[in-house]
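Descriptive analysis of the structure
Residues per chain, in single letters:
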Amino acid sequence: MTETTVAVREAHATDAAGIARVHVQSWRSTYPGLIPDSFLVGLSEPAAAARWRALAEARGPGHGAMVAVDATGHLTPDRTPGTIVGIASFGAWRTAMEDYAGEFHALYLLDEAKGLGIGRRLMAAMAERMLAANVGSAAVWCLSDNPSRWFYERLGGVRIAERPIRFAGASLLEVAYGWRDLAPLARLSAGPELR
Ligand SMILES: CC(C)(COP(=O)(O)OP(=O)(O)OC[C@H]1O[C@@H](n2cnc3c(N)ncnc32)[C@H](O)[C@@H]1OP(=O)(O)O)[C@@H](O)C(=O)NCCC(=O)NCCS
């Protein structure tokens, strides 16, 4: 088997195009049947790039964006070394619930990069950065019909809330998973280099 090395690091503004590619591909892979096709068709890489560039530029204690980079280029069909295969962002908890300070805002992988521990490493990297900024707890909102929510349960997230939302003209249900203590999650990054 070919060895693959994936590095997890903070996102830079220059990553915006690569991040946007993952964002759009992952949304179109994850959300058909969950959110309206018209919204997925209308996703735009330049628009996503502009939003992620602003996020990367605005990073500071307790908020920012992360990328997982396939250094060897073995995961994607075009085999380009340095391809971004996973993206994540975090910041302040935006919901009126007092028990949580931070929020995992986004976490998306290319299909080719799933099942290799990259999602776990991105979550750990975000938890590490929140802890370094004295943000000791965090939560995430996820569509209740998204099977990826089991990933959050696997990582120790506890189901803490649900809420109906309107998104792109559809009525949807979201569930929240919370970590009252981010320390065990942050320690998950301490593992062998991905192969
Ligand atoms: C969710 C996501 C980030 C997980 O990343 P990943 O790299 O594939 O997950 P990992 O390999 O790090 O898995 C960590 C653990 O979670 C488990 N897991 C991952 N996805 C799972 C799923 N959908 N259901 C059940 N368990 C899952 C893995 O089996 C692994 O368990 P282990 O410790 O026993 O080996 C990825 O599947 C993804 O990008 N999904 C689509 C986008 C999405 O829905 N994001 C969330 C929006 S709220």
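Only a predicted model underlies this, so the values are computations on that prediction, with no experimental measurement involved.

**Some thoughts on the site of the ligand**
Surveying the vicinity of the ligand reveals 22 residues, the closest of which are Leu107, Gly117, Gly119, Arg120 and Asn146. Between Gly115 and the ligand, the recorded distance is 2.8 Å, taken from a backbone N or O atom to an oxygen atom. Secondary structure elements with two or more residues in the shell around the ligand: α1 (16-30), β4 (102-109), α4 (118-132), β5 (138-143) and α5 (149-154). With 4 residues, the top contributor of residues to the shell around the ligand is α5. Here the shell around the ligand is composed, by residue class, of 12 nonpolar, 7 polar and 3 charged.

**Notes on the UniProt feature "domain: N-acetyltransferase" (unreviewed entry) in the protein chain**
Residues annotated by UniProt as "domain: N-acetyltransferase" (unreviewed entry) correspond here to residues 6-184. The span residues 6-184 carries 31% helix and 31% strand; its end-to-end C-alpha distance comes to 22 Å.

**A few points about the nonpolar core**
In this structure, Phe104, Ile118, Met123 and Trp179 are the most contacted members of the largest nonpolar core, which totals 54 residues. Looking at this core element by element, the count peaks at 7 residues for α4. Discounting residues that sit within four places of it in the chain, Met123 has contacts with Phe104, Leu107, Phe151, Tyr152, Leu155, Trp179 and Leu185. Grouped together as the second largest cluster of nonpolar side chains are 6 residues, Trp93, Ala139, Trp141 and Ala176 included.

**Some remarks on the packing of aromatic side chains**
Counted according to the given criterion, the structure contains 12 aromatic pairs. With 6.1 Å between their ring centres and 40° between their planes, Trp27 and Phe167 make a pair best called tilted. Of this pair, Trp27 sits in helix α1 while Phe167 is found in strand β6 (residues 158-167), placing the two residues 140 residues apart along the sequence. Classification of Trp27 by relative accessible area gives buried; the value is 13%. Phe167 gets classed as partly exposed once you look at its relative accessible area, which sits at 26%. Look at Phe151 and Tyr152: their rings are 5.4 Å apart centre to centre, the planes differ by 65°, and that puts the pair in the edge-to-face class. Of the residues examined, Phe151 reaches a relative accessible area of 26% and is grouped as partly exposed. On the basis of relative accessible area, Tyr152 is assigned to the buried category, the value being 8%.

Conventions adopted
Residues numbered from 1 in each chain as written. Predicted model: local features only at pLDDT ≥ 70, side-chain atom pairs only at ≥ 80, totals over all residues. Heavy atoms only, no water. Near = heavy atom within 4 Å. Polar contact = N/O pair within 3.5 Å; in protein donor to acceptor, adjacent residues only side chain to side chain. Helix = DSSP H or I, 4+ residues; strand = E, 2+ residues; numbered from the N terminus. Nonpolar A, V, L, I, M, F, W, Y, C, P; charged D, E, K, R; others polar. UniProt positions renumbered as here; feature names shortened; annotations may be inferred. Core = buried A, V, L, I, M, F, W, Y, C linked by side-chain atoms within 4.5 Å. Buried < 20%, exposed > 50% of the residue type's maximum accessible area, 1.4 Å probe, protein only. Contact = heavy atoms within 4.5 Å. Phe/Tyr/Trp six-rings, centres within 6.5 Å; stacked < 30°, edge-to-face > 60°.

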